[in-house]
Amino acid sequence: MSEVITFTSGKGGVGKTTTTANVGVGLSLLEKKVILIDTDIGLRNLDVVMGLENRIVYNLVDVLTGKCRVKQAVIRDRRYPNLSVIPSACVREHPPITIEAMQTLMEELKESYDYILVDSPAGIDSGFDLAVCAADKVVVVTTPQVAAVHDADCVLRLLRRKKDISTYLLINSFRKQLVKEGNMLQISDICELLNTELLGVVLEDEHIIISQNHGESMMGKKGTSQTCYENICRRLVGEAVPIPDFLQEKHRFRGFFWNKPAKQTINS
């Protein structure tokens, strides 16, 4: 059964687009058919992160306004046979697109893909509404910075009003040394503040920036961050993968397992 998973955040610059790209590649390598959709209209960058910006002919706005058929806007990633992307549009004024058009597109894509990953713009304006309108799950991405956690809390408060959406938390750019020095929030602190199920933690890694600048994924490269993304993908497909205790401290999140069965739906 297909799932629509939206990656969103309150604060910009927390690694949401990079997360969407790497999770998308990871799921495709697990033999899942995946399509990524950039809903950041005006400031698109998912195609840049994926290294596909030179192959754009049509975009999401063209699809939603009826200027092209869905398949005309889909870019297949030649490096990953199971992965495709629908880029966003680089426009100054927000085009006249509707929630209903987005929901119709999602239903059509569900017939061809196992996972539809939506890269949401930061914040809680109309772009956010468009990104979550058809979501089965929403993953709120944050970093261990106080401002980012505060904004993530604001987003989660809005999402909890939507009873048909399951919400999860992903912590990016976690730096163990700063936590040990008392200069960064611990994972347990963030989980307690946001009161949301933890999907995964991605450690700070300069190789993420290097890969992003080259339009490449972290998948297939050796490193701690690659393992973090791989484990997140395995949890999404239903495997019981433990989230490591990165500080090796005895707190209540140690040994935490994502143990939802692979075929579970949000209404089950």
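Calculation notes
- Residues numbered from 1 in each chain as written.
- Predicted model: local features only at pLDDT ≥ 70, side-chain atom pairs only at ≥ 80, totals over all residues.
- Heavy atoms only, no water.
- Helix = DSSP H or I, 4+ residues; strand = E, 2+ residues; numbered from the N terminus.
- Buried < 20%, exposed > 50% of the residue type's maximum accessible area, 1.4 Å probe, protein only.
- Contact = heavy atoms within 4.5 Å.
- Areas by Shrake-Rupley, 256 points an atom, 1.4 Å probe, with all protein chains shown as cover.
- Lys, Arg positive; Asp, Glu negative; His and termini not counted.
- Charge placed at Lys NZ, Arg CZ, Asp CG, Glu CD.
- UniProt positions renumbered as here; feature names shortened; annotations may be inferred.
- Phe/Tyr/Trp six-rings, centres within 6.5 Å; stacked < 30°, edge-to-face > 60°.
- Lys NZ or Arg CZ within 6 Å of the ring centre and 35° of its normal.
- Expected span 1.5 Å × (residues − 1).
- Salt bridge = Lys/Arg side-chain N within 4 Å of Asp/Glu carboxyl O.
- Polar contact = N/O pair within 3.5 Å; in protein donor to acceptor, adjacent residues only side chain to side chain.
- Core = buried A, V, L, I, M, F, W, Y, C linked by side-chain atoms within 4.5 Å.
- Axes fitted to C-alpha atoms, helices over the stretch in contact; angles between N-to-C directions.
- Left-handed = near helix turned anticlockwise from the far one by under 90°.
- Nonpolar A, V, L, I, M, F, W, Y, C, P; charged D, E, K, R; others polar.
- Parallel < 35°, antiparallel > 145°, perpendicular 65-115°, else oblique.

**Student:** When you look at the overall build of the protein in this model, what are you seeing that I'm missing?
**Tutor:** Along its length, the protein carries eleven helices and eight strands. Reported as C-alpha extents along the three principal axes, the dimensions of the protein are approximately 55 × 40 × 40 Å. For the protein, with 268 residues in total, the buried portion stands at 53%. The contacts in the protein between residues at least 6 apart in sequence include a share of 74% that link residues at least 24 apart. Total accessible area computed for the protein in this model is approximately 12,900 Å², and 47% of it derives from carbon and sulfur atoms. For the protein, the separation between the mean place of its 32 positive charges and that of its 33 negative charges on side chains is 3 Å.

**Student:** Looking at this model, I keep getting lost on the environment of Pro96. Mind explaining?
**Tutor:** Mapped onto the elements of the fold, Pro96 is located in the loop between β4 (83–86) and α5 (99–110). Taking C-alpha positions, Pro96 is 47 Å from Gln177, a pair spaced 81 residues apart along the chain.

**Student:** I'm lost on the UniProt feature "binding site: ATP" (unreviewed entry) in the protein in this one. Help?
**Tutor:** The UniProt entry lists Lys11, Gly12, Gly13, Val14, Gly15, Lys16, Thr17 and Thr18 under the feature "binding site: ATP" (unreviewed entry), expressed in the numbering used here. Given a relative accessible area of 84%, Gly13 falls into the exposed group. Among the secondary structure elements, Lys16 is positioned in helix α1 (residues 16–29). For Lys16, a relative accessible area of 9% translates into the label buried. Apart from the residues lying within four places of it in its own chain, the contact partners of Lys16 are Phe7, Thr8, Ser9, Asp119, Ser120, Pro121, Ala122 and Val141.

**Student:** When you look at the packing of aromatic side chains in this model, what are you seeing that I'm missing?
**Tutor:** Ring pairs (aromatic) are described by centroid distance and by the angle formed between their planes. Applying the stated criterion across every chain, the model contains zero aromatic pairs. Looking at Lys33, its charged tip hangs above the ring of Tyr113, at a distance of 5.5 Å from the centre.

**Student:** Looking at this structure, I do not really get helix α7 (residues 146–159). What am I missing?
**Tutor:** An ideal rise of 1.5 Å per residue puts 20 Å on 14 residues; α7 measures up with 20 Å between its terminal C-alpha atoms. In this structure, the buried side of α7 is in contact with β1 (3–8), α6 (126–132), β6 (137–142), β7 (166–174) and α9 (187–194).

**Student:** Explain the side chain of Asp38 here, please?
**Tutor:** You can see Asp38 is positioned in strand β2 (residues 34–38). Although Asp38 is buried, it forms no salt bridge, and the closest oppositely charged side chain is Arg44 at an N-O distance of 6.5 Å. Among the polar contacts listed, one links the side chain of Asp38 to the backbone nitrogen of Asn45, at a separation of 3.2 Å. Of note is the side chain of Asp38, whose polar atom sits 3.2 Å from the backbone nitrogen of Leu46.

**Student:** I would appreciate a short explanation of the nonpolar core in the present structure.
**Tutor:** Nonpolar side chains in soluble globular proteins tend to end up buried together. Ranked by internal contacts, the top residues of the largest apolar core, which has 60 residues, are Val23, Leu27, Met50 and Leu117. A per-element tally of this core places α7 first, with six residues. In this view, Val23 contacts Phe7, Leu117, Tyr229, Ile232, Cys233 and Leu236; residues no more than four positions away in its chain are not counted. Counting 25 residues, the second-largest nonpolar core is a separate cluster that includes Ile35, Leu64, Ala89 and Tyr113.

**Student:** What is the right way to read the packing of α7 against α9 from this model?
**Tutor:** Axis angle and axis distance: for two packed helices, these are the angle between their axes and the distance between the axes, and together they describe the pair. Running from N to C, α7 and α9 point in directions that differ by 35°, and their axes come no closer than 10 Å. Note that α7 runs across α9; the crossing there is right-handed. Packed against α7, whose contacting residues are Val149, Ala152, Asp153 and Leu156, the element α9 presents Ile190, Leu193 and Leu194 at the interface. Residue composition of the contact of α7 with α9, grouped by class: six nonpolar, no polar and one charged.

**Student:** Help me out: how do you make sense of the packing of α1 against helix α11 (residues 224–236) in this one?
**Tutor:** Between α1 and α11, the least distance of the axes is 9 Å, while the angle of their chain directions is 65°. Classed by the angle they form, the pair α1 and α11 counts as roughly perpendicular. Crossing handedness for the pair α1 and α11: right-handed. Residues Thr18, Thr19, Asn22, Val23, Gly26 and Leu27 of α1 pack against Tyr229, Ile232, Cys233 and Leu236 of α11. Looking at the contact of α1 with α11 residue by residue, the class counts come to six nonpolar, four polar and no charged.

**Student:** Help me understand the environment of Val132 in this model?
**Tutor:** Here Val132 shows up in helix α6. When sequence neighbours within four positions are dropped, the list of residues in contact with Val132 reads Thr6, Val138, Leu159, Lys162 and Ile165.

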